Protein chains: 2
Amino acid sequence: MRRPATRRQPTSEEASVDKINLSDKLSKFDEFYSPKTVTDLNDYKVAVVKAKGEFVWHKHDETDDFFLVLGGRLTIQLRDGDVHLGPGELFVVPKGVEHCPRADEAAHVLLIEPTGTPNTGDAQGAPTAWEERI
Amino acid sequence: MRRPATRRQPTSEEASVDKINLSDKLSKFDEFYSPKTVTDLNDYKVAVVKAKGEFVWHKHDETDDFFLVLGGRLTIQLRDGDVHLGPGELFVVPKGVEHCPRADEAAHVLLIEPTGTPNTGDAQGAPTAWEERI
């Protein structure tokens, strides 16, 4: 449910709806590297993504890139080495740093980025729309 | 380790240091309701906190308030009802909405807020400094 544009005090029923269970959200889709927005934090979007295989080398010149592994294992490849993440581990790729996520088995990841950030950064090809909400 | 002010490409050794294991971070302190910053995301801070008992009723007029439960159970009391969160569940309190976290048993929580946000919001009393990094 989208939060109303006017930020009135939510009722208890609405508050219950707005609670986000990340496992429930992840069960709603199967595509890999297709972030789904679950809620907003000011002008940021909070999304979940399933990763498997290698994504694409890219960088974001305007924003850091936040990854928190919820399940499985994710490798953030940097030009100068790999960062290996398991459940409960997070890594923030500094803005401007080239990186390429890779997961040998399916991994579940929480992402947080400024609204409108394309997930492919400067790379060629159509970015996946974060506009889809689940 | 603090990220250098100049955002050069991190070496693989630095990248390894910058990986954040949230359980490791939580093992480094015992105080309740004392957020410890673990990394930055642009002009936001990412922090972990241990919650037990009731915090204080407050609101943030300038920012939403992000809670992701990592372990245990946390209740976000709102004036119009409670939101009950377990591991892997998150809730974003909209800006301006009064709330009071409560945990009957110790809970571990991930917080994300704009840098400089006092954790007590508009409530009286000295806010806990998020400046402490672990």
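This text goes with the structure placed above it.
Here we summarise the structure given alongside this text. Note that the coordinates shown come from a computational prediction; the quantities given were computed from them, not determined experimentally.

Things to note about the pattern of salt bridges
Piece 1. Following the criterion strictly, the structure yields 14 salt bridges over all chains and no others.
Piece 2. Sharing partners across several salt bridges, the network here consists of Glu31, Lys36 and Glu132 of chain A.

Things to note about the relation of the copies chain B and chain A
Piece 1. Superposing chain B onto chain A takes a rotation of 180° plus a shift of 0.0 Å along the axis, which leaves an RMSD of 0.0 Å. As the rotation angle and translation indicate, the two copies are arranged about a two-fold axis.
Piece 2. Mapped onto chain A, 100% of the interface residues of chain B again fall at the interface, so both copies present the same surface.

Let's talk about the packing of aromatic side chains
Piece 1. The tally for this structure, following the rule as stated, stands at three aromatic pairs over all chains.
Piece 2. For the pair Tyr44 of chain A and Tyr44 of chain B, a centre-to-centre distance of 4.6 Å together with 55° between the ring planes defines the contact as tilted. Of this pair, Tyr44 of chain A sits in strand β3 (residues 44-54) while Tyr44 of chain B sits in strand β3 (residues 44-54), placing the two residues on different chains.
Piece 3. The exposure class of Tyr44 of chain B is buried, given its relative accessible area of 5%.
Piece 4. A cation over a ring is seen here: Lys36 of chain A above Phe29 of chain A, with NZ or CZ 5.5 Å from the ring centre.
Piece 5. The ring of Phe29 of chain B carries the charged tip of Lys50 of chain B above its face, separated from the ring centre by 5.3 Å.

About the cut-offs
Residues numbered from 1 in each chain as written. Chains lettered and ligands numbered in written order. Predicted model: local features only at pLDDT ≥ 70, side-chain atom pairs only at ≥ 80, totals over all residues. Heavy atoms only, no water. Salt bridge = Lys/Arg side-chain N within 4 Å of Asp/Glu carboxyl O. Least-squares fit on C-alpha atoms with pLDDT ≥ 70 in both. Contact = heavy atoms within 4.5 Å. Phe/Tyr/Trp six-rings, centres within 6.5 Å; stacked < 30°, edge-to-face > 60°. Helix = DSSP H or I, 4+ residues; strand = E, 2+ residues; numbered from the N terminus. Buried < 20%, exposed > 50% of the residue type's maximum accessible area, 1.4 Å probe, protein only. Lys NZ or Arg CZ within 6 Å of the ring centre and 35° of its normal.

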